Amino acid sequence: MRSTSWTKGIIVKGLITAIAAQAGLAFADAPAPKWYDTIGLSGYLQSSYVGNLENSTKNQSNQGRQFDTSGNSFSLNTFLLQIAKPVGDSDHYGFTVRLRTGQDASALSGAGQLFVQEAYGTYAATSKLSIIGGKFVTSEGFEGADTVNNPNFSEGLLFFAAEPITHTGVKAAYTISDKATAMIGVVNGWDALPTNQGAPDINSGKTIIWQLATTPTKQTSWSFQGTYGKEQADPTHSQRLSLDTVAGFNPTDKLSLNVQGNWGEDTNFVGGTGTSHWDGVGVWASFACTSKDTEIGRFEVVSDQNNAGRFTQTAFADGTTNQTVKEFTLTHKHMLTSSMGTRLEYRHDWSNQAYFVRKDGSNVRNQNTISADWFVTF
């Protein structure tokens, strides 16, 4: 039961309010915050060292990598600044801008410059339906473009060869229930090549994107997403279909398991009549040994057939670009503080084609790297 003094306080406050109302007085409410009062700044800074054990040459290019391409060298990977206004209860709109610079930005843009990773506006049409327009990251894949949020330091083969990174267009997101959401949109499409993500759209066709995501229980999650549209340079009748699914299972507070499957094809691609396709699967396992230390393992395999060229556009000795690449990665993550951490990583890649490069310039089927990164978020 509440105390008598608390009850008396409520009664006295009520009498004062009633008297003030009879006298034509009113207590002024706190002024509503302006839209710019709700804007928040956040981001992260990341640097690293990557050593290529197959090639001791400075700045040796690591094959099959999106960001950590410079071997045997220190790198300022990313400084990212996010400026965001959340959707308000009264104004129903918000926006997000994410600006990126550093080596990773150069890999995305194709030049050493400031890169607009995302810039989009959001309008809440209803409590369940939101419309998002502008440039935003893809829904495909388990790993994202912000490397500090991924379990491993290096992005995997699926991220590099089988997925887009960003889209420009419009999409609608709908909350089906507290356990399921859906999204559908129309965008310009993918980036031009998996090795040139910053290139502009190369055709006038548009691409449909979609996603269905659900969290049936606190321990499980599942999503199905994809794209369909014209992705080859004009003039072409080629159409690309990409199907992607991600499932997660957290049996305990310490153990996290995730799996991703991806399948894609380009019709009328080879010689204007053929169909090329690729497929891949990835598995991630993370175990939190302590509140500061986490061990992560990853295994992936990605294959392309009929000259899909997901890893290279240059023909191998057999006259094709067909290849199957696998990788296994072990990462140790240590958080120095709640917002600062380091990762030490060993990665082994191997291919059925001589895809990797040794010091003498010869091509081999294996690549081994040892990496360390340091990051701080704010």
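Just so it is clear, the model here is predicted, and its values are computed rather than measured.

**Digging into the pattern of salt bridges**
Throughout the structure, instances matching the rule amount to 14 salt bridges. A salt bridge links Asp68 to Arg65, with the nearest nitrogen and oxygen atoms 2.5 Å apart. A residue is classified by how much of its surface remains accessible, and Asp68, at 3% relative accessible area, is buried. Residue Arg65 is classed as buried on the basis of its relative accessible area, which comes to 4%. Note that Arg298 is salt-bridged to Glu327, the shortest N-O span being 2.7 Å. With Arg298 in strand β15 (residues 293–305) and Glu327 in strand β16 (residues 323–335), this pair connects stretches of sequence that are 29 residues apart. The exposure classification of Arg298 matches that of Glu327, with both residues buried.

**What to know about the pairing of strand β13 (residues 255–266)**
Pairing analysis gives 10 bridges linking strand β12 (residues 240–249) to β13, with the strands arranged antiparallel. Looking at the pairing, Ser242 lines up with Gly264 of β13. Between β12 and the antiparallel strand that follows it, β13, lie five residues. Note: β13 against strand β14 (residues 276–288), 12 bridges, orientation antiparallel.

**Considerations on the environment of Val148**
Its place among the elements puts Val148 in the loop between β7 (129–137) and α3 (157–161). Assessed through its relative accessible area of 7%, Val148 is described here as buried. Considered as a pair, Val148 and Gly341 are 193 residues apart in the sequence and their alpha carbons are 9.2 Å apart. For Val148, the residues in contact, after removing those within four places along its chain, are Tyr44, Gln46, Arg343 and Phe375.

**A few points about the side chain of Asp244**
You can see Asp244 is positioned in strand β12. It is Arg310 that comes nearest to the buried, bridge-free Asp244 among opposite-charge side chains, at 11 Å. Residues within four places of Asp244 in sequence aside, it is in contact with Glu140, Gly141, Ser223, Phe224, Gln225, Gln260, Gly261 and Asn262.

**Here we look at the pairing of strand β9 (residues 180–187)**
Sheet analysis places strand β8 (residues 166–177) next to β9, joined by eight bridges and oriented antiparallel. Directly across from Val170, in β9, lies its bridge partner Val186. The hairpin turn running from β8 into β9, its antiparallel successor, is two residues long. Direction of pairing for β9 relative to strand β10 (residues 207–217): antiparallel, over a ladder of eight bridges. In the sheet register, Ala180 faces β10, and the bridge partner there is Thr214.

**Observations regarding the environment of Gly43**
Mapped onto the secondary structure, Gly43 falls in strand β1 (residues 40–52). Each C-alpha atom of the pair Gly43 and Leu81 lies 4.6 Å from the other, and the pair is 38 residues apart in sequence. Those residues in contact with Gly43 that lie beyond four places of it in its chain are Leu80, Val376, Thr377 and Phe378.

**What about the nonpolar core?**
Phe311 and Tyr355 are the most contacted members of the largest nonpolar core, which totals 15 residues. Put simply, the parts of the chain that give this core at least two residues each are α3 and β14. Once you skip the residues sitting within four places of it in the chain, Tyr355 turns out to touch Gln63, Gly64, Phe160, Phe311, Thr312, Phe316, Gln323, Asn363 and Val364. Counting residues in hydrophobic clusters, the runner-up holds seven residues, among them Ala105, Ala145, Phe159 and Ile165.

**Concerning unusual backbone geometry**
Positive phi values are uncommon outside glycine, yet His92 reaches one of about 65°. On the basis of relative accessibility, which here comes to 34%, the residue His92 falls in the partly exposed class. We note that Asn306 has phi near 55°; this positive angle belongs to a residue other than glycine. Tracing the sequence through the fold places Asn306 in the loop between β15 and β16.

Calculation criteria
- Residues numbered from 1 in each chain as written.
- Predicted model: local features only at pLDDT ≥ 70, side-chain atom pairs only at ≥ 80, totals over all residues.
- Heavy atoms only, no water.
- Salt bridge = Lys/Arg side-chain N within 4 Å of Asp/Glu carboxyl O.
- Buried < 20%, exposed > 50% of the residue type's maximum accessible area, 1.4 Å probe, protein only.
- Helix = DSSP H or I, 4+ residues; strand = E, 2+ residues; numbered from the N terminus.
- Pairing = 2+ DSSP bridges.
- Contact = heavy atoms within 4.5 Å.
- Lys, Arg positive; Asp, Glu negative; His and termini not counted.
- Core = buried A, V, L, I, M, F, W, Y, C linked by side-chain atoms within 4.5 Å.

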